[in-house]
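Residue-level structural notes
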Amino acid sequence: MNCLMFSKMLLAFSLVSLFYVGNAQQSYGNSTVSALFAFGDSILDTGNNNLLPSFSKVNFYPYGRDFIGGVATGRFGNGRVFSDMIAEGLGLKNILPAYRDPYLSDNDLTTGVCFASGGSGLDAITARTTGSIWVSDQVTDFQNYITRLNGVVGNQEQANAIISNAVYLISAGNNDIAITYFTTGARRLQYTLPAYNDQLVTWTRDLIKSLYDLGARKFAVMGTLPLGCLPGARALDRVICELFSNQAAAMFNQQLSADIDNLGATFPGAKFVYVDMYNPLYGLISNPQASGFIDAADACCCTPTALVPCPDASRFVFWDVAHPTQKSYETIAPPIVENIKAKLA
């Protein structure tokens, strides 16, 4: 690494650190949300895959092109991702750091971190296929986080208050359906699609229980994206979204939403909100011009037809074959944040 590149990276990390500190709440005072913890896949991952021996990482240019300092932090996009938007909307901080970031500051622990891993899913086969951190292993990271948090705050009661008043944001199912069921077919001989969706919902409930047993009480559980509308799924047809993937995603989301609505009796004292990602994003795809976009079918970057990134990612709904741009997240996040506040306050 040459001196100029090292200096640029050092400056960028310094700016990011200042951004963390400047926007983090030292206490949650009048707010009923103490922190944000993110689990799941690349929609939320803020850099946990960077040191993994895996191809499921993006800590290189042009990823992060529009992030602070132009640094590729490991976020699957051109800038900030959805977990960052939720942290900002909840008044916690503008950037949610990755728990596995070796430069993670103790100052950030009290207001939340991200455990999500790009390429991961509820199914262990999904994580093995992509070389990512399975959600059960993310819970293990959370257990280690609790130990570290206790050391930082030095007060068991305060640590417990942070854990119980935090929002737990979960995004899982995208890769299980898109990769494990449809692309590799690893589960198609074992499950029909409805049966696999049932299993995914059961695994979601298991994930929630494991977090609940560690003190979590406020859950925001995200449905999948409209998987058939991702640029990678509609590569052969720029006009129409791929039908079967969208139907599978919609079926899973319906089952997940119904289950989330009934979990209160299973987990006393807990609050739940289902986060619809499918319809808000589908709205952008169906009518991109209404929100200032010019293209919802193509990716700005990183495809065989877009080896050179587009000049302005904010005009595109999608950054790459599977991930929305920062502008897309910024567009759909505000009403979602308000719903989370209303249901989990």
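Residues numbered from 1 in each chain as written. Predicted model: local features only at pLDDT ≥ 70, side-chain atom pairs only at ≥ 80, totals over all residues. Heavy atoms only, no water.

In the nomenclature of an unreviewed UniProt entry, the protein corresponds to GDSL lipase/esterase from the organism Arabidopsis suecica. Quoted verbatim from the Sequence similarities (unreviewed entry) field of the UniProt record, the comment on the protein reads "Belongs to the 'GDSL' lipolytic enzyme family." (UniProt positions renumbered as here; feature names shortened; annotations may be inferred.)

The next point concerns the pairing of strand β4 (residues 271-275). Of all five residues in β4, four are buried, a share of seventy percent or more. Here strand β3 (residues 218-222) runs beside β4; their pairing, made up of five bridges, is parallel. Pairing of Met222 across the sheet is with Val275, part of β4. (Buried < 20%, exposed > 50% of the residue type's maximum accessible area, 1.4 Å probe, protein only. Helix = DSSP H or I, 4+ residues; strand = E, 2+ residues; numbered from the N terminus. Pairing = 2+ DSSP bridges.)

Reading across from one edge, β1-β2-β3-β4 is the order of the four strands in this open sheet, with parallel pairing throughout. In the strand order of this sheet, the two ends are held by β1 (36-40) and β4, each with one partner. Here the average twist between neighbouring strands, direction ignored, is 20°. Sheet topology note: the strand β2 (residues 167-171)/β3 ladder contains five bridges and is parallel. When the sheet's bridge partners are listed, Val167 is paired in β3 with Lys218. Of the strands in this sheet, β1, β2, β3 and β4 touch helix α8 (residues 193-212), which is tilted by about 155° from β3. Contacting β2, β3 and β4, helix α11 (residues 326-344) runs over the sheet at an angle of about 160° to β4. (Axes fitted to C-alpha atoms, helices over the stretch in contact; angles between N-to-C directions. Contact = heavy atoms within 4.5 Å.)

Here we take up the pattern of salt bridges. Summed over the entire model, instances satisfying the criterion amount to ten salt bridges. Of the charged contacts in the structure, one is a salt bridge between Glu88 and Arg80, with a shortest N-O distance of 3.0 Å. Judged by relative accessible area, Glu88 falls into the partly exposed class, the value being 35%. Residue classification places Arg80 among the buried residues on the basis of a relative accessible area of 14%. The closest approach of N and O atoms between Asp123 and Arg187, which form a salt bridge, is 2.7 Å. With Asp123 in the loop between α3 (106-109) and α4 (124-130) and Arg187 in the loop between α7 (174-183) and α8, this residue pair connects regions lying 64 residues apart in the sequence. On the basis of relative accessibility, which here comes to 0%, the residue Asp123 falls in the buried class. (Salt bridge = Lys/Arg side-chain N within 4 Å of Asp/Glu carboxyl O.)

Before going further, it helps to spend a moment on α11. The terminal C-alpha atoms of α11 lie 25 Å apart, and with 19 residues this matches the ideal 27 Å at 1.5 Å per residue to within 8%. Roughly 45° is the biggest bend found in α11, and it falls at Ala333, with proline Pro334 one to four residues downstream. Of all the residues in α11, the buried ones are Gln326, Ser328, Tyr329, Ile332, Ala333, Ile336, Val337, Ile340 and Leu344. (Expected span 1.5 Å × (residues − 1). Bend = angle between axes of the 7 residues up to and from the residue.)

Within the secondary structure, Ala87 sits in helix α2 (residues 82-89). Leave out the neighbours within four places in its chain, and Ala87 touches Leu36, Leu92, Lys93 and Leu96.

Below, the discussion takes up the packing of aromatic side chains. Under the defined criterion, the tally for this structure stands at 25 aromatic pairs. Where Phe142 meets Tyr168, the ring centres are 5.7 Å apart and the plane angle is 85°; that geometry is what we call edge-to-face. Remark: Tyr168 occurs in strand β2 and Phe142 occurs in helix α5 (residues 135-153); sequence separation between them is 26 residues. Accessibility classification places Phe142 together with Tyr168 in one group, the buried group. A centroid spacing of 5.5 Å and a plane angle of 50° characterise the contact between Tyr191 and Tyr196, whose relative ring orientation is tilted. (Phe/Tyr/Trp six-rings, centres within 6.5 Å; stacked < 30°, edge-to-face > 60°.)

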